[in-house]
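These are the residues of each chain, in order.
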Amino acid sequence: MAVNMHSNTHINGLLFSSSAERINDRTSLILFDQQPLKLKDSFTVDFELSIWDVKQFGYIFRVINESKQEINFSFVNFYGNDKIYLDFHSPITHKSVLLPITLQDIDEKRWLPISIRFDLVADRAELKWKNQLYNCESIGLKNPSHIKLAFGLFGLNLDVPRMAIRNIAVSSENRKPINILLDEVAGENVRDMRGYVKGKVQNPNWLANRYYFWQEKLKLSSDSMTRIAYDERNNRVIIADKKAIHNYSMRYDIREEVLIEGYPGTLPPGEAIYDNKNGLLYAYNTDKAVEGRPSMAIIDLKNRTVNYKNGVIGNRLHHHNSFIGMDNGLFIFGGYGNHSYSNNIYRYDAVNDRWEIVNLSGDAIFPRYFSATGQHYASSQILIMGGIGNESGKQEHGGVHLYDLYSVDLNTKQRSKIWELKEDFDGGFVPCGNLILDENRDYFYTLCYPQHQVNSVMQLYRFSLKDGSYQIVSDSIHVNAEQLETTVFLFYNKLMHEFYTVIRENSNDGRTSVRIYSLLSNPVTLAELMAGKRKPGFWFLILVPVLMLLAGAAFVIFRKRKKQEPELTESPDVVEIPEREPEDQYHIREVEKKNAVMVFGDFTVFDRNGRDISYRFSSKLRSLFALILFYSIDDERISTEKLTADLWPDKDPDSAKNTRGVTINRLRGILADISGITLYHQNSKWYFAFDEEFYCDYIEYRNIAEKLKDPEADRNENMAWLLEILKRGTLYPGLQENWIDAHKHTFENEIYKILWEHMIRLNEQKRFARLVEFADVYFMNDPLNEDVLKLAVTALQKSGKRDQALILYNKFVTTYKKSMGEDPDLSLQI
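All values derive from a computational prediction rather than experimental measurement.

*Asks:* I keep staring at the pairing of strand β14 (residues 163-172) and nothing clicks. Help me out?
*Replies:* Along any regular strand, the residues point their side chains to alternate faces of the sheet. Extensive coverage of β14 is indicated by the burial of eight of its ten residues. Alignment of strand β2 (residues 14-15) against β14, held across two bridges, turns out to be antiparallel. Along β14, the bridge assignment pairs Leu14 with Ile165. Pairing analysis gives eight bridges linking strand β5 (residues 42-51) to β14, with the strands arranged antiparallel. Looking at β14, one finds that Leu49 is bridged to Ile165. Here β14 runs beside strand β15 (residues 175-180); their pairing, made up of four bridges, is antiparallel. Paired with Ile168 across the strands is Ile180, a residue of β15.

*Asks:* Sorry if this is basic, but what is going on with the packing of aromatic side chains here?
*Replies:* Applying the stated criterion across every chain yields a total of 55 aromatic pairs. Consider the rings of Tyr230 and Tyr500, whose centres lie 6.2 Å apart with planes at 45°: the pair is tilted. Taken together, the residues span a long stretch of sequence, with Tyr230 in strand β20 (residues 227-231) and Tyr500 in strand β47 (residues 498-506) at a distance of 270 residues. On the basis of relative accessible area, Tyr500 is assigned to the buried category, the value being 0%.

*Asks:* I'm lost on the pairing of strand β46 (residues 487-493) in this one. Help?
*Replies:* Extensive coverage of β46 is indicated by the burial of seven of its seven residues. As paired strands, β46 and β47 are joined by seven bridges and run antiparallel to one another. For Thr487, the partnering residue across the bridge sits in β47 and is Arg504. Connecting β46 to the next strand, β47, in antiparallel fashion are four residues, including His497 with a positive phi near 55°.

*Asks:* Looking at this structure, how should I read the confidence of the model for the protein chain?
*Replies:* The predicted coordinates ought not to be read in detail in places where the model reports low pLDDT. Here the protein chain shows a mean pLDDT of 87. Residues at 70 or above account for 91%. In the model, residues 1-8 has pLDDT below 50 throughout and makes 32 contacts with residues more than four positions away in sequence or in other chains. Predicted confidence is poor over residues 534-579, with pLDDT under 50, and the contacts of this stretch with residues over four places away or in other chains come to 37 contacts.

Reading the values: rules and limits
- Residues numbered from 1 in each chain as written.
- Predicted model: local features only at pLDDT ≥ 70, side-chain atom pairs only at ≥ 80, totals over all residues.
- Heavy atoms only, no water.
- Buried < 20%, exposed > 50% of the residue type's maximum accessible area, 1.4 Å probe, protein only.
- Helix = DSSP H or I, 4+ residues; strand = E, 2+ residues; numbered from the N terminus.
- Pairing = 2+ DSSP bridges.
- Phe/Tyr/Trp six-rings, centres within 6.5 Å; stacked < 30°, edge-to-face > 60°.
- pLDDT = per-residue confidence, 0-100.
- Contact = heavy atoms within 4.5 Å.

Here it is as structure tokens:
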């Protein structure tokens, strides 16, 4: 199988959360909101569009002028899959033009370029779509117009399609073109190619991350008989357990049960592989024959029939490789069983119902298991990479990690060694069972992980076919390899340009967990992912000193204006020469950026390797984490019913259950990369358990609040550490859901009391500079508190900082008037 190697310039784009989500969770992208573009005579808007779900109607983008009039462009799906279209409509003139889009465009997530030229002189729009030109007359925009663009959620019409947008360009004759790639990986700012902010996005899903971070798609519990196979043509994973066969469609996240009369019969445990050409699923076992039980079921999934066979090899051969050969026959290679490693290639002879060894010549391959196989150049050629084994094949001679690559030609019966890596890998690793060759045949991909570690992580590796040099091109996925039967599969769908990881994880209790993840292709290294972050150009270096000069001039003007203001009456206890304040004698701890979650200010998460993985948390995942965290601190725990009611109040029970399951599984997947925190579900209640290696600033805050109740505790040291926590910002500033109000109210009442009492102490100790620091964090949470203002202004005056006192006073008045609509009634002398 070949992978299409895309240029890394194609890892950009913004995925929109649609009307399937709550309104607060839908994506909105607003461009030029703060400074609308003045456009004269004509302008053109270009972008690439991909519709991801045919079920979600919604508005793709809007052009808004200075009169708040809109021109809309929407996706319409009301009239059947053969009559879906894009509607360009001007509510100003009530004129429309329809652009056809096909179900195949949507099924394949095709990127479709569209160009819209707005002719303000002729009052019309010209749309170029699929190499056809469409005209809409008239549109009603003035010449010139001041415009901004809104993609997704905006205004009164709240419907948003499940779509992706990239490569936005706005051009006109009277200004330089603006190119916005949407190549961010985190944050809400949207920048042009020169690095300057041109807009904001709410609830962003940056597509670039999906080229490095695996997306969990499904998690389910099954039995120890579970077999895994992949149907590339229909892009579905086949999960066959002891009761039935299930097809899971990756494209639409749909799982269906396939009833086959006579299946599963009495099959013993084993493996499975799907013959895409003939539509046959082989569910087989290579172990010794058991009287009365077939060893293989050949299942026709189209006609839903099964044909049982009895051929066996006589050895279980754990972690062997299977593949469909050029003659559509079933082949297996390697494996471990009966205290020995194998290097044989077996072919199943369906006519005679037996396995036969394929005799090969050429370079010898050590017996092994845990190797990877995949298609080479020709249909008759197979690549075999790595594993664990030794030259003799005997278990008593020990097994070593093998880092080599062979090509086997089933037509000529020749084995050829391509390379062997002599590198001493720390701890060692094995590949998963499959490898995927890229379209240019320069590289292949496989998942690698230390299978000897019970709790390990795996990542996608890109190996050079020529010399074995490699790069890691994905984030990690957790795998528990304690049971020998635990197996990892890597599949690829060239139509969707996606990799799929399937983990069949066995446990001691006889149950099996199946997890499925997706990754967009061409995957990138972490360095390549972060390289997309753009910064302002070189001329910024020139601008900085100019801005500094302007700031200096502004300060001089400010001083002159201040002298013209009425003299301020000083309070009687103000001293002209500030007293020297006592110095702090405590040490401020530094938080290690590993296994840490910060919820004050910007939500920030670091995994066990110190990587910032904050952008893996969608707004819903942040809400889920916050809700469970609140209920875990005091060991209260939260019930499934309340969790669902708080996070998905508008969904019906079945829909909420499915959404909850997917969201919780995604959270578990992320937490697997963070040490010291575990999510538990016991007695229908959810909670986190924490170890010492995990850090959360909210947990630290709660610990400090408890310590402050102890009169023997070092108050100054605890307050100093609390100040460092609160300086980051308010508690969960990005969460606006109703359920969090009560938690924030409890926090605010507690923190106001703690800060106020400490500021009173600082004032008595004449530690005015320290008092002002605490006043600053108090104002973050309550910017209109007059008592704190008076305390802080007086402290600044007593420190001889009358200018800063005046600035603080004026800032307070401005904020108060903006919020309350009137000036504050302050009995304050400055």
